[in-house]
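Residues per chain are reported as follows:
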Amino acid sequence: MLSIVVNQPHGLSLCARPIPTPAPGEVRLRVRYAGICGSDLHIFHGKNPFAAYPRVIGHEFMGHIDAVGAGISAQRIGERVVVDPVISCGQCHACRIGRRNVCSRMQVIGVHRDGGFSEYTCVPACNAYAVPAGLAATSAAVIEPFAVAANMTHRTGVLREDIALIYGAGPIGLNLLQVLKRVYGARVLITDHLDERLALARHCGADADDVINTSHEDIGQALAKRGVAEGPTLIYDAVCHPSILEEAVRIAAPAGRIGILGFSATPSAVPQLELTRKELSLYASRLNCDMFTTVIDWISQGLVDPGCIVTHRIDFHDVADALDLAEHNPRESCKILLDFGEPA
């Protein structure tokens with residue numbers, strides 16, 4: 001089989017490797033599609049402190065089970081599945097209180113252990129979720145980032161009367177948009193500095209008047225113009241730039257909630273006065289905590305369409321071009337899928 005391996009920072013190769021044998025409790029997938037995420041680029045550039053090299057990257061992927069390890073029913077062979085990349089110990093404090101996505105001994109497939117940028121890969125059977133029969137394979141491959149958005153809204157809570165503001169019309173911001181509008185029925189405003197991304201936001205369900213290009217409009221004036229002078233009651237930072245958190249604290253409505261996704265090593269200068277004066281709540285969210293079943297249920301009900309953000313399908317042999325497109329051409333691309341083809 002062929003695997004995409006980051007041998008060291010900035011060093012990527014397509015390597016021939018033996019097809020793995022599933023261990024007890026595991027299943028083996030013949031991978032069909034795998035999505036490129038910003039965290040994959042971080043590993044490629046040596047900016048993920050959790051990754052060890054060499055590493056087969058990729059934590060957003062789906063495929064068919066073609067073999068099972070001891071203790072797993074052979075009836076699962078042939079099942080079309082999507083993989084939750086979070087592997088937890090089940091014993092630490094976080095796991096015991098139902099927060100396995102921040103397990104003290106957590107492993108993430110594609111980060112701490114080899115992932116889905118490979119023709120075949122093995123994963124714990126309990127992490128492989130059956131895909132609804134009518135769902136396109138390309139949409140199934142995007143369930144993982146949708147679960148990230150679902151986790152964030154679960155953390156903050158969403159009220160029907162909320163007015164939400166999303167910073168960033170990238171994959172996670174656009175998934176948040178669908179969850180907030182289609183599942184919870186909240187009003188959602190979304191910002192970006194690229195008109196192409198805001199056009200994609202409208203395609204994903206944003207009202208035309210509720211998209212804001214922050215290159216052209218001051219955020220405070222834009223909110224006032226749209227009848228949100230007192231500030232959003234929910235704010236989500238899907239960009240993770242330190243200045244955004246500072247601005248979010250400033251513009252949030254009293255008793256507002258702010259959700260933070262992503263990692264930034266640069267500190268934010270958030271004034272405690274504003275947090276206390278308005279009694280704001282800050283929620284951080286990492287990966288997802290058992291949200292795959294929820295997202296698959298939403299899909300089955302027709303509430304959300306993960307495939308809305310897919311802009312490119314690229315043969316996995318051309319992974320270098322795909323990574324370059326993902327990193328340097330945000331006007332042209334949103335979610336890029338590597339195509340590993342149908343099994344021979």
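Keep in mind it's a predicted model, so treat the numbers as computed, not measured.

## Some words on the overall build of the chain
- Looking only at helices and strands, the chain features eleven helices and 18 strands.
- Compactness check: the chain gives a C-alpha radius of gyration of 20 Å against a globular reference of 20 Å for 344 residues, within 12% of the reference.
- Expressed as a percentage of the 344 residues in the chain, the buried residues total 53%.
- Summarising the internal contacts of the chain: among those between residues at least 6 apart in sequence, 69% fall at separations of at least 24.
- Taken as a whole, the chain presents about 14600 Å² of accessible surface, with 51% of it coming from carbon and sulfur.
- Taking the average location of the 30 positive side-chain charges in the chain and that of its 36 negative ones, the two points are 5 Å from each other.

## Re the side chain of Arg 257
- Residue placement: Arg 257 occurs in strand E15 (residues 257-261).
- The class of Arg 257 is buried, set by a relative accessible area of 12%.
- Reaching out from Arg 257, the side chain makes a polar contact with the backbone oxygen of Gly 157 at a distance of 2.9 Å.
- Polar side-chain contacts of Arg 257 include one of 2.9 Å to the side chain of Asp 162.
- Beyond its immediate stretch of four places on either side in the chain, Arg 257 contacts Thr 156, Gly 157, Val 158, Leu 159, Asp 162, Thr 233, Leu 234, Ile 235, Ser 281 and Tyr 283.

## So, the nonpolar core
- Core analysis: the biggest nonpolar cluster contains 49 residues, and Ile 143, Leu 174, Ile 190 and Tyr 236 have the highest contact counts within it.
- Among the secondary structure elements, those contributing two or more residues to this core are helix H3 (137-140), helix H4 (143-156), strand E11 (163-167), helix H5 (171-183), strand E12 (187-192), helix H6 (195-203), strand E14 (234-237) and helix H10 (292-300).
- In terms of residue count, H4 provides more of this core than any other element does, seven residues in total.
- Not counting the four nearest positions on each side in its chain, Leu 174 is found in contact with Ala 169, Ile 190, Arg 197, Leu 200, Ala 201, Cys 204, Ile 309 and Cys 334.

## Observations regarding the pairing of E15
- Summarising burial for E15: four of the five residues are buried, a large majority.
- In this region the chain leaves E14, passes through helix H8 (residues 242-251) and returns to the parallel neighbour E15; the handedness of that crossover is right-handed.
- Where E15 lies against strand E16 (residues 281-285), five bridges are found, and the strand directions are parallel. Pairing of Ile 260 across the sheet is with Ala 284, part of E16.
- Once you follow E15 into helix H9 (residues 272-277) and on to E16, the crossover reads as right-handed.

## What to know about the packing of H4 against H10
- At a minimum axis separation of 9 Å, H4 and H10 run at an interaxial angle of 105 degrees. By the angle between their axes, H4 is roughly perpendicular relative to H10. Only Phe 292, Val 295, Ile 296, Trp 298 and Ile 299 of H10 make contact with H4, whose side of the interface consists of Ile 143, Glu 144, Phe 146, Ala 147 and Ala 150.
- Across the contact of H4 with H10, the residue classes tally to nine nonpolar, no polar and one charged.

## Topic: the sheet that holds E14
- Here we have six strands laid out as an open sheet, ordered E13-E12-E11-E14-E15-E16, and parallel in their pairing. Each having just a single partner strand, strand E13 (211-213) and E16 make up the two edges of the open sheet. Across the sheet, the mean angle from the axis of one strand to that of its neighbour is 20 degrees, orientation sign disregarded.
- As defined by bridge partners, E12 adjoins E13 across three bridges and the pair is classed as parallel. When the sheet's bridge partners are listed, Thr 191 is paired in E13 with Ile 212.
- Strands in contact with H6 are E12 and E13; relative to E13, the strand with the most contacts, it is inclined by about 175 degrees.

Rules used throughout
- Residues numbered from 1 in each chain as written.
- Predicted model: local features only at pLDDT ≥ 70, side-chain atom pairs only at ≥ 80, totals over all residues.
- Heavy atoms only, no water.
- Helix = DSSP H or I, 4+ residues; strand = E, 2+ residues; numbered from the N terminus.
- Rg over C-alpha atoms; globule rule 2.2 N^0.38 Å.
- Buried < 20%, exposed > 50% of the residue type's maximum accessible area, 1.4 Å probe, protein only.
- Contact = heavy atoms within 4.5 Å.
- Areas by Shrake-Rupley, 256 points an atom, 1.4 Å probe, with all protein chains shown as cover.
- Lys, Arg positive; Asp, Glu negative; His and termini not counted.
- Charge placed at Lys NZ, Arg CZ, Asp CG, Glu CD.
- Polar contact = N/O pair within 3.5 Å; in protein donor to acceptor, adjacent residues only side chain to side chain.
- Core = buried A, V, L, I, M, F, W, Y, C linked by side-chain atoms within 4.5 Å.
- Right-handed = clockwise from strand over helix to strand, strands pointing away.
- Pairing = 2+ DSSP bridges.
- Axes fitted to C-alpha atoms, helices over the stretch in contact; angles between N-to-C directions.
- Parallel < 35°, antiparallel > 145°, perpendicular 65-115°, else oblique.
- Nonpolar A, V, L, I, M, F, W, Y, C, P; charged D, E, K, R; others polar.

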